[in-house]
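# Chains, contacts and geometry: an overview
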There are 2 protein chains.
Amino acid sequence: MSLQSVQEPRSESPLSRERIVATAVELLDAQGLDGLTMRRLADRLGSGVMSLYWHVDNKEDVFDLALDSVLEYRGPPQIVASQDWRGEVVHMLEDWRASMLRHPWSASLLPRRALGPNILSRLELLSKTLSRAGVADADLNVAIWSLWNYVMGATITRANFDLSDDGGAATQQRLARLSERYPRIERSRLLLDNDWDGAFRKGLGFLLDGLAPRQ
Amino acid sequence: MSLQSVQEPRSESPLSRERIVATAVELLDAQGLDGLTMRRLADRLGSGVMSLYWHVDNKEDVFDLALDSVLEYRGPPQIVASQDWRGEVVHMLEDWRASMLRHPWSASLLPRRALGPNILSRLELLSKTLSRAGVADADLNVAIWSLWNYVMGATITRANFDLSDDGGAATQQRLARLSERYPRIERSRLLLDNDWDGAFRKGLGFLLDGLAPRQ
DNA sequence: ACCTGAACACCGTTCAAGT
DNA sequence: ACCTGAACACCGTTCAAGT
């Protein structure tokens, strides 16, 4: 509060759950899932390793907190309360995917951990919107899980392909050797087409067509 | 070959890529992704740790080999060469999911690694079958990726939920506290419905409806 | 060609102790 | 209430050496 305490914000600010989580997200963004280490985390925070354990149960706890902190949903654009339920679903799911791609470690982590409050809120809202869009009660859970599966699969794949890719050169090479054995994959350029956003949106459209046929 | 060499099959058989991969799969099945350790692997094989590195580049290499070894596809049931393309797609994808669920670590691993020959064969065959089922060339890649996303999302989620579940007791408890904040999730029993196989099949049906409407 | 042990630079976490 | 260092039981991999 005093000028004194504000003066040295770097290494002087005390440890806290919030500061630990925020720094963990930074570290994960910079170094990936394997890059998060209790020791490195403590380093960044300017504290001893074991100090973390006062605020946090263990490393898994750090993962859970970092994950949920990244999944907040701010809601649909507030221009008008629209009647376009299908568009609203698309917006929600594209936002979800975008949030995870901003933190490429998060998608791989999400299915392994218990669901935190932010992701549960997203599912709750998705359920409501699907109902309004005309999905029958009996199909609701299947619809939610199908969309979950699609979004998770797409995002995990996208997040990991991008990282292991050295600009496509390695993939190109592999593909050359593959062309006789997998002619269709080669011909359709399945592994080289990199319009990920477009493919996500188009496939989501097909899935929604199946789940709630346009009347 | 001689009776002598067959006599002591346990610790006497020499190290080989095949033996290493087979044992790695055993270890992964028993202990999960984090349970695979070069030291533990060497223990099971009755060799020194560093002996492994003669046959294998590094731990990532072991993961790649173990993963692909688990993804072989034996083809559709040979009763009749059927005209039911849609049924064939469903069979292929259910078999793929089942193969991965037999080795619950495999699904989480697949999107992170370069695609091996067995999974590429599956994609090649999927492409052929979707074409025959009437998916337009322009939609083919989107269709393949959509099905990939769906299968991967479903299988990763399933494989991980089952493990972290202590019989549902923990989930039940969490749910109790959740019921006011997430009423729809609570009411539809989204997190408690455990007919995973049925949900997978039904959702896959919806997706296929969208991708290749039944004529 | 194939296998090995010692060594290095790391991990997460327990514990007993400090303020 | 909050932080710490030493110690334990682990990791993957390099290297120089053995047969």
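Residues numbered from 1 in each chain as written. Chains lettered and ligands numbered in written order. Predicted model: local features only at pLDDT ≥ 70, side-chain atom pairs only at ≥ 80, totals over all residues. Heavy atoms only, no water.

## Structural notes on the UniProt feature "DNA-binding region" (unreviewed entry) in chain A
The test is simple: UniProt positions are given in the numbering used here, feature names are shortened, and annotations may be inferred rather than shown by experiment. What counts as a helix is a DSSP run of H or I of at least four residues, what counts as a strand is a run of E of at least two, and both are numbered from the N terminus.
According to UniProt, the "DNA-binding region" (unreviewed entry) feature falls on residues 37-56 of chain A. Counted over residues 37-56 of chain A, helix gives 60% and strand 0%. Its end C-alpha atoms are 14 Å apart.

## Things to note about the pattern of salt bridges
Just so we agree on the cut-off: One speaks of a salt bridge when a side-chain nitrogen belonging to Lys or Arg is within 4 Å of a carboxyl oxygen belonging to Asp or Glu. The cut-offs for exposure are 20% and 50% of the maximum accessible area for each residue type, with area from a 1.4 Å probe on protein chains only; residues under the lower value are buried, those over the upper are exposed, and the others partly exposed.
Applying the stated criterion across every chain yields a total of 16 salt bridges over all chains. In this structure, Lys202 of chain B and Asp139 of chain A form a salt bridge, with 3.2 Å as the shortest nitrogen-oxygen distance. With Lys202 of chain B in helix H13 (residues 196-211) and Asp139 of chain A in helix H10 (residues 137-164), the pair connects residues from two separate chains. Accessibility expressed as a relative area gives 37% for Lys202 of chain B, which makes it partly exposed. By relative accessible area, Asp139 of chain A is classed as partly exposed at 22%. Salt bridges sharing partners connect three or more residues here, namely Glu60, Asp64 and Arg113 of chain A.

## Focus: the nonpolar core
One recurring pattern in soluble globular proteins is that nonpolar side chains are buried together. Heads up, the rule is: The nonpolar core is taken to be a set of buried Ala, Val, Leu, Ile, Met, Phe, Trp, Tyr and Cys residues, with the residues joined through side-chain atoms within 4.5 Å. Contacts between residues were defined by any pair of non-hydrogen atoms, one from each residue, lying within 4.5 Å.
Grouped together as the largest cluster of nonpolar side chains are 125 residues, with contacts concentrated most on Trp96 and Leu110 of chain A together with Trp96, Leu110 and Leu147 of chain B. Excluding residues within four positions of it along the chain, Leu110 of chain A makes contact with Leu67, Leu71, Trp96, Met100, Leu115, Ile119, Trp148 and Met152 of chain A.

## Examining the relation of the copies chain B and chain A
Basically, it comes down to this: C-alpha atoms of residues with pLDDT of at least 70 in both copies form the basis for the least-squares superposition of the copies.
Expressed as a screw operation, the relation of chain B to chain A combines 0.0 Å of axial shift with a rotation of 180°, fitting to an RMSD of 0.0 Å. The transformation relating the two chain copies, once decomposed into turn and shift, fits a two-fold axis. The fraction of interface residues of chain B whose copies in chain A are also interface residues reaches 100%, indicating that both copies meet through the same surface.

## With respect to the protein's contact with DNA strand C
As a reminder, the rule being used: We define proximity as follows: a residue is near a molecule or strand when any one of its heavy atoms falls within 4 Å of that partner. A 3.5 Å cut-off defines polar contacts: any pair of N or O atoms within that distance qualifies, except that in protein one atom must be a possible hydrogen donor and the other a possible acceptor, and neighbouring residues in sequence count only when both atoms are side-chain atoms. All amino acids are sorted into three groups, where Ala, Val, Leu, Ile, Met, Phe, Trp, Tyr, Cys and Pro are nonpolar, Asp, Glu, Lys and Arg are charged, and the leftover types, Gly among them, are polar.
In the region of DNA strand C, 17 residues are neighbours, and Arg39, Met50 and Tyr53 of chain A together with Ser51 and His55 of chain B sit closest. For DNA strand C, the fraction of atoms within 4 Å of the protein that belong to sugar or phosphate moieties is 50%. Tyr53 of chain A is positioned with one of its side-chain polar atoms (N or O) 2.7 Å from a phosphate oxygen of DNA strand C. Within the backbone of Gly48 of chain B, one N or O atom sits 2.9 Å away from a phosphate oxygen of DNA strand C. For the surface near DNA strand C, the secondary-structure elements that each account for two or more residues are helix H4 (38-45) of chain A together with helix H5 (52-55) of chain B. In terms of residues, the surface near DNA strand C owes the most to one element, H4 of chain A, which gives three residues. Across the surface near DNA strand C, the residue classes tally to eight nonpolar, six polar and three charged.

## Some remarks on helix H7 (residues 85-102) of chain A
Since one α-helical turn is 3.6 residues long, residues separated by three or four positions face the same way. Where we set the bar: Between the first and last residue of a helix there are one fewer steps than residues, each counted as 1.5 Å, and that sum is the expected span.
Between the first and last C-alpha of H7 of chain A there are 26 Å, a value that for 18 residues agrees with the 26 Å anticipated at 1.5 Å per step. Taken residue by residue, H7 of chain A has Glu88, Val89, Val90, Met92, Leu93, Trp96, Arg97, Ser99 and Met100 of chain A as its buried positions.

## Description of the packing of aromatic side chains
All names here are of chain A. Note the cut-off: In this scheme Phe, Tyr and Trp rings, the latter by its six-membered ring, pair at centre separations within 6.5 Å, and the angle between planes marks the pair as stacked below 30 degrees, edge-to-face above 60, and tilted otherwise. We call a charge positioned over a ring when the NZ of a Lys or the CZ of an Arg lies within 6 Å of the ring centre and within 35 degrees of the ring normal.
Summed over all chains, the structure comprises 12 aromatic pairs over all chains. When the ring of Trp96 is compared with that of Trp148, the centres are 5.6 Å apart and the planes differ by 50°; the resulting orientation is tilted. Within this pair, whereas Trp96 is found in helix H7, its partner Trp148 is found in helix H10, the two being separated by 52 residues in sequence. Among the residues examined, Trp96 registers a relative accessible area of 3% and is labelled buried. A relative accessible area of 0% places Trp148 in the buried class. The interplanar angle of 65° and the centroid separation of 5.8 Å between the aromatic rings of Phe161 and Trp196 together place this pair among those described as edge-to-face. One end of the pair, Phe161, is in helix H10; the other, Trp196, is in helix H13 (residues 196-211), with 35 residues separating them in the sequence. Of the residues examined, Phe161 reaches a relative accessible area of 18% and is grouped as buried. The cationic tip of Arg97 hangs over the ring face of Phe200; the distance from NZ or CZ to the ring centre is 4.7 Å.

## Observations concerning unusual backbone geometry
Glycine aside, a negative phi is what most residues show, and trans is what most peptide bonds show. All names here are of chain A. With phi around 55°, Arg189 is a residue other than glycine that occupies positive phi space. The residue Arg189 is located in the loop between helix H12 (183-187) and H13 in this model. For Arg189, a relative accessible area of 48% puts it in the partly exposed group.

## Regarding the UniProt feature "domain: HTH tetR-type" (unreviewed entry) in chain A
UniProt's feature table lists "domain: HTH tetR-type" (unreviewed entry) at residues 14-74 of chain A, given in the numbering used throughout. The span residues 14-74 of chain A shows a helical share of 62% and a strand share of 0%, and its end C-alpha atoms are spaced 29 Å apart.

## Side note on the packing of helix H7 (residues 85-102) of chain B against helix H9 (residues 117-132) of chain B
All names here are of chain B. Applicable threshold: Here the axes come from fitting lines to C-alpha atoms, over the contacting stretch only for helices, and the angles between their N-to-C directions go from 0 to 180 degrees. Any angle between 65 and 115 degrees counts as roughly perpendicular, while under 35 counts as roughly parallel, over 145 as roughly antiparallel, and the rest as oblique. Take the far helix as your reference; a near helix turned counterclockwise from it by less than a right angle gives a left-handed crossing, and one turned clockwise gives a right-handed crossing.
Between H7 and H9, whose axes approach to 9 Å, the crossing angle comes to 160°. Between H7 and H9, the angle is such that the two are roughly antiparallel. Both H7 and H9 take part in a crossing whose hand is left-handed. Mapping the contact onto sequence places Trp85, Glu88, Val89, Met92, Leu93, Asp95, Trp96 and Ser99 in H7 and Ile119, Arg122, Leu125, Leu126, Thr129, Leu130 and Arg132 in H9. Within the contact of H7 with H9, the residues separate by chemical class into nine nonpolar, two polar and four charged.

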